[in-house]
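Each chain is listed here by its residues.
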Amino acid sequence: MPIRTAVPPRVLTVAGSDSGGGAGIQADLKTMLALGVHGMSVLTAVTAQNSLGVQGTWELPVDAVRAQYRSVVDDIGVQAVKTGMLASAALVETVAELLAGTDAPVVVDPVGVSKHGDALLAAEALDSVRTKLLPVATVATPNLDEVAQLTGVQVADEDGMRRAAEEILAFGPRWALIKGGHLPGEAVDLLTDGSAEHWLRAPRYDNRHTHGTGCTLASAIASGLALGQDVPTAVEGAKAYVTGAIRAGFALGGGIGPVDHGWRTRAAD
Ligand SMILES: Nc1ncnc2c1ncn2[C@@H]1O[C@H](COP(=O)(O)OP(=O)(O)O)[C@@H](O)[C@H]1O
Ligand SMILES: Cc1ncc(COP(=O)(O)O)c(N)n1
């Protein structure tokens, strides 16, 4: 077999580790593999986590985050970046400062609380997310709890999603993707840059195994951007991927199981 010379686009996730393998760094790298890009990681925190909740969290020192980022960017290079759990104000500010220096598109998933209600971001870090991290985002992907934390807007319907998007865009990201996964009915998300409005609709699967949906969606968007897609195309492809992964979610553990990142390669059963 000839030695391959072409290289895939490279995508970097800056996020926390989920020992259960459903969310965080693990979800991000699995998504990237499934979507045909080379995934790389800057670890910000380690969680002891499973389908029942988060049993422990350990943050990495800011120097360890800076060093990982420099190792990846200075040698291998990145075509897109995704951020997830950043844990503390110091880590949010360090990551925002590093990303201010990249030309690559940045997808910010402003992770606040896990599906089980465990805090993944210190309350005093919210202001750094608003003023330092969101301004460097190409796309910000808050869920409705994160919208409430960041803007105070309580979304109950699609008009509320529009209001939420305006408030998120005011912090400076180029696009806002407001995820309506926590509303009843269809799984509806709103993508907007303040002028164009794209509504993404998918059937809601009555599947409680949704651990990692937000991480998966944001990593899939970053993968699409690295492959050269524009933002609406990357978001549309990511929505289709996460919808399939939710539909195929695994009943692992005694609580909320993970989505199936490999659903496209697994035979239907
Ligand atoms: N039960 C479900 N069926 C289909 N899509 C869903 C379901 N729950 C969430 N989604 C979709 O999954 C993606 C992640 O949304 P959400 O669960 O709100 O994010 P997070 O994981 O950050 O809380 C969104 O596109 C949302 O519409
Ligand atoms: C390390 C880490 N990062 C992110 C999430 C959010 O994922 P979810 O909202 O699906 O619990 C998580 N639970 N753990």
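What you see is a predicted model, and the numbers here were worked out from it, not measured in a lab.

Chemist: Residue-level account of the overall build of the chain, with values.
Modeler: From N to C terminus, the chain includes 8 helices and 9 strands. Taken over the C-alpha atoms alone, the chain extends approximately 50 × 45 × 40 Å along its principal axes. In the chain, which comprises 269 residues, the share counted as buried stands at 54%. Long-range pairs, those at least 24 residues apart, make up 66% of the contacts in the chain between residues at least 6 apart in sequence.

Chemist: Help me get a handle on the side chain of D109, residues and values and all.
Modeler: The residue D109 is located in the loop between β5 (106-108) and α4 (126-133) in this model. Looking at D109, its side chain comes within polar contact range of the side chain of K179, at 3.5 Å.

Chemist: Run through unusual backbone geometry, naming residues and quoting values.
Modeler: In most cases, non-glycine residues show a negative phi, while peptide bonds are predominantly trans. In this structure, A87 is a non-glycine residue whose phi angle is positive, near 65°. With respect to the secondary-structure elements, A87 resides in the loop between β4 (80-83) and α3 (89-99).

Chemist: Talk me through the UniProt feature "domain: Pyridoxamine kinase/Phosphomethylpyrimidine kinase" (unreviewed entry) in the chain; I want residue IDs and the actual numbers.
Modeler: Sites flagged by UniProt as "domain: Pyridoxamine kinase/Phosphomethylpyrimidine kinase" (unreviewed entry) map to residues 18-260. Along residues 18-260, the helical share is 40% and the strand share 19%, with 15 Å between the first and last C-alpha atoms.

Chemist: Could you give an account of the site of ligand 1, with specific residues and numbers?
Modeler: As a matter of local geometry, ligand 1 sits amid 15 residues, with K115, K179, H182, D189 and T213 nearest to it. In the model, an oxygen atom of ligand 1 is placed 2.7 Å from a nitrogen or oxygen of the H182 side chain. Between ligand 1 and G214, the relevant distance is 2.9 Å, taken from an oxygen atom to a main-chain nitrogen or oxygen of the residue. Taken by itself ligand 1 offers 550 Å² of open surface, and the protein chains cover 94% of this. For the shell around ligand 1, the elements supplying multiple residues, two or more each, are β8 (187-192), α7 (213-226) and α8 (231-247). Counting residues per element, the shell around ligand 1 draws most heavily on α7, at 3 residues. For the shell around ligand 1, a count of residues per class yields 5 nonpolar, 5 polar and 5 charged.

Chemist: I'd like a description of the site of ligand 2, backed by residues and values.
Modeler: Around ligand 2 sit 14 residues in total, of which G16, Q49, K115, L120 and G212 are the nearest. Here a nitrogen atom of ligand 2 and a side-chain polar atom of Q49 are 2.8 Å apart. Interatomic distance of 3.0 Å between a backbone N/O atom of K115 and an oxygen atom of ligand 2. In the shell around ligand 2, the residues fall into 5 nonpolar, 8 polar and 1 charged.

Chemist: So what's going on with the sheet that holds β8? Which residues, and what values?
Modeler: Through backbone hydrogen bonds, the strands of a sheet pair up, either in parallel or in antiparallel fashion. Read from one edge to the other, the open sheet built from 9 strands follows the order β3-β2-β1-β4-β5-β6-β7-β8-β9, with strand pairing classed as mixed. Two strands in the sheet have a free side with no partner beyond their single neighbour: β3 (53-59) and β9 (197-202). Direction of pairing for strand β1 (residues 10-18) relative to strand β2 (residues 38-50): parallel, over a ladder of 9 bridges. Note on β2: the bridge partner recorded for S17 is V46. Sheet strands touched by α3: β1, β2, β3, β4 and β5. Its angle to β4, the strand with the most contacts, is close to 170°. On the sheet, helix α6 (residues 158-169) packs against β6 (139-140), β7 (175-179), β8 and β9 and is oriented at approximately 145° with respect to β7.

Chemist: I'd like a rundown of the packing of aromatic side chains, residues and numbers included.
Modeler: Aromatic rings in a pair are described by how distant their centres are and how their planes are angled relative to each other. With the rule as written, the count across this model stands at 1 aromatic pair. With 6.3 Å between their ring centres and 35° between their planes, Y241 and W263 make a pair best called tilted. On the criterion of sequence distance, the pair formed by Y241 in helix α8 and W263 in the segment after α8 is long-range, its members being 22 residues apart. Here Y241 falls in the buried class, since its relative accessible area comes to 1%.

Chemist: Please give an account of α7 that cites residues and values.
Modeler: The end-to-end C-alpha distance of α7, which contains 14 residues, comes to 20 Å, matching closely the 20 Å that a straight helix rising 1.5 Å per residue would cover. Burial within α7 is extensive, with 14 of its 14 residues counted as buried.

Chemist: Which residues make up the pairing of β4, and what values do they have?
Modeler: Alternating positions in β4 separate into two faces, A80 and K82 on one and V81 and T83 on the other, with burial throughout. Bridging between β1 and β4 involves 4 bridges; their strand directions are parallel. Within the sheet, the bridge partner assigned to V11 lies in β4 and is A80. Two elements, β4 and β5, share 3 bridges in a ladder whose sense is parallel. Following the sheet pairing, V81 is matched in β5 by V106.

Rules behind the numbers
Within every chain, residues take consecutive numbers counted from 1 along the sequence as written. Chain letters and ligand numbers both follow the written order, the letters beginning at A and the numbers at 1. Since the coordinates come from a predicted model, pLDDT governs what is reported: local features require at least 70, and pairs of side-chain atoms require 80 or more to be given and counted, while whole-chain, interface and lining totals use all residues. With hydrogens and water stripped out, all remaining heavy atoms of the structure feed into the side-chain values. Helix and strand assignments follow DSSP, with helices taken as H or I runs no shorter than four residues and strands as E runs no shorter than two, numbered in order from the N terminus. Any residue under 20% of the maximum accessible area for its type is buried, any over 50% is exposed, and the rest in between are partly exposed; the area is computed with a 1.4 Å probe on protein chains only. It only takes one pair of heavy atoms within 4.5 Å for two residues to be counted as in contact. N or O atoms closer than or at 3.5 Å make up a polar contact, with two conditions inside protein: a donor-capable atom paired with an acceptor-capable one, and, for residues adjacent in sequence, both atoms drawn from side chains. UniProt positions are given in the numbering used here, feature names are shortened, and annotations may be inferred rather than shown by experiment. Note on definitions. A residue lies near a molecule or strand when any single heavy atom of the residue is within 4 Å of it. Per-residue accessibility takes into account occlusion by the displayed protein chains alone, with areas from the Shrake-Rupley method and a 1.4 Å probe. Three residue categories are used. Nonpolar comprises Ala, Val, Leu, Ile, Met, Phe, Trp, Tyr, Cys and Pro, charged comprises Asp, Glu, Lys and Arg, and polar comprises the others, including Gly. A strand pair is defined by DSSP finding two or more bridges across the two strands. Throughout, an axis means a line fitted to C-alpha atoms (over the contacting stretch in the case of helices), and angles, computed between N-to-C directions, take values from 0 to 180 degrees. Two rings from Phe, Tyr or Trp (for Trp, the six-membered ring) form a pair when their centres are within 6.5 Å of each other. A pair whose planes differ by under 30 degrees is stacked, one over 60 is edge-to-face, and the rest are tilted. What a helix is expected to span follows from its residue count: subtract one and scale by 1.5 Å.

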